[in-house]
Amino acid sequence: MLKLAVLVSGGGSNLQAIIEAINQQSLFATIVTVIADRPCYGIERAKAVNIPTYLADRKIYRQNLSSKIAEFIPEDCDLIVLAGFLSILNQNFIQRFNGKIINIHPSLLPKHGGAGMWGLKAHQAVLDAGDTESGCSVHFVTEEIDGGKVILQTKVDVLPNDTANDLQQRVLNVEYPTLIATIKTFYNENVRFNNE
Ligand code: GAR
């Protein structure tokens with residue numbers, strides 16, 4: 001059974017999708033810890049179902065946030081899932097868990113990724129660019145922000161009168177199955193370190 005650590009900063013609806021997939025036995029995994037970088041609803045979702053949680057507040061830890069988080073990730077953790085996690089993890093962290101960290105991003109990378117491109121900003125950038133399709137990407141986390149190898153993407157249409165909020169909701173609906181399907185690929189050990 002895969003042991004997951006899930007990192008959150010916001011509403012935690014992707015975390016909730018993982019919890020539900022595990023409960024429905026469609027995903028053979030266990031969440032060993034949920035770590036948040038700020039008080040947020042995501043961490044409350046974990047507490048509600050008795051998953052061990054840790055709040056590594058980014059305003060308190062600042063420079064050593066990544067090492068604080070690393071302290072709470074058990075040695076035998078198979079996969080670290082960034083599910084709406086907004087802090088940037090440092091080089092030491094990424095090298096220590098190389099090939100075991102994935103992130104979900106709400107655009108079709110390499111489009112509309114990089115520093116500051118998160119949440120509604122990514123959806124607004126899609127609209128501003130006049131793109132006719134968008135979607136989500138799950139990718140390995142490397143030192144380049146949103147630059148690691150893409151594992152899975154799902155597309156959605158951008159409709160003529162879409163607002164950023166409309167698009168966000170349509171993309172979120174495909175994020176959940178895309179994230180779950182990606183985690184399932186890690187049943188196969190060969191995928192785990194194949195992040196080149
Ligand atoms: C999701 O749309 C996720 O793709 C995005 O934040 C949202 C979190 O929602 N992540 C990023 O923008 C990272 N660059 P959730 O907290 O309800 O899962």
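This text gives an overview of the structure that appears in the document.

About the criteria used
Residues numbered from 1 in each chain as written. Predicted model: local features only at pLDDT ≥ 70, side-chain atom pairs only at ≥ 80, totals over all residues. Heavy atoms only, no water. Salt bridge = Lys/Arg side-chain N within 4 Å of Asp/Glu carboxyl O. Helix = DSSP H or I, 4+ residues; strand = E, 2+ residues; numbered from the N terminus. Buried < 20%, exposed > 50% of the residue type's maximum accessible area, 1.4 Å probe, protein only. Pairing = 2+ DSSP bridges. Right-handed = clockwise from strand over helix to strand, strands pointing away. Axes fitted to C-alpha atoms, helices over the stretch in contact; angles between N-to-C directions. Contact = heavy atoms within 4.5 Å. Core = buried A, V, L, I, M, F, W, Y, C linked by side-chain atoms within 4.5 Å.

Thoughts on the pattern of salt bridges
The final tally for this structure, using the stated rule, is 8 salt bridges. The salt bridge involving Lys111 is made with Asp131; its shortest N-O contact spans 3.6 Å. You can see Lys111 sitting in the loop between strand S5 (101-105) and helix H6 (120-128) and its partner Asp131 sitting in the loop between H6 and strand S6 (133-140), a full 20 residues away along the chain. The partly exposed category is assigned to Lys111, whose relative accessible area is 47%.

Section: the pairing of strand S2 (residues 29-36)
With 6 of 8 residues buried, S2 lies mostly within the body of the structure. One ladder, built from 7 bridges, connects strand S1 (residues 2-8) with S2; its direction is parallel. From the neighbouring strand, Leu7 faces S2, where its bridge partner is Ile35. As paired strands, S2 and strand S3 (residues 53-55) are joined by 3 bridges and run parallel to one another. By the bridge assignment for S3, Val34 is matched with Thr53. With helix H2 (residues 41-48) bridging S2 and its parallel neighbour S3, the resulting β-α-β unit is right-handed.

Some remarks on the sheet that holds S3
One open sheet accounts for 7 strands, arranged S3-S2-S1-S4-S5-S6-S7; its pairing is mixed. With partners counted over all chains shown, the strands left at the sheet margins are S3 and strand S7 (150-157), one partner each. Strand-to-strand twist across the sheet, computed as the mean angle between neighbouring axes with direction ignored, equals 20 degrees. One ladder, built from 3 bridges, connects strand S4 (residues 79-82) with S5; its direction is parallel. Looking across to S5, one finds that Val81 is bridged to Ile102.

Quick word on the side chain of Asp131
Judged by its relative accessible area of 14%, Asp131 is buried. Apart from the residues lying within four places of it in its own chain, the contact partners of Asp131 are Lys111, His112, Val126 and Val158.

Details of the nonpolar core
Grouped together as the largest cluster of nonpolar side chains are 36 residues, with contacts concentrated most on Leu4, Val6, Ile18, Ile31, Val81, Ile102 and Ile183. Looking at this core, the elements with two or more residues in it are S1, helix H1 (13-23), S2, H2, S4, S5, S6 and helix H7 (164-185). Element by element, the count of residues in this core is highest for H7, at 6 residues. If we skip the residues at most four places from it in the chain, Leu4 touches Ile18, Ala29, Thr30, Ile31, Val32, Thr33, Cys77, Leu79 and Ile183. Ranked by size, the runner-up nonpolar core spans 19 residues in total, among them Ala5, Leu7, Ile35 and Leu82.

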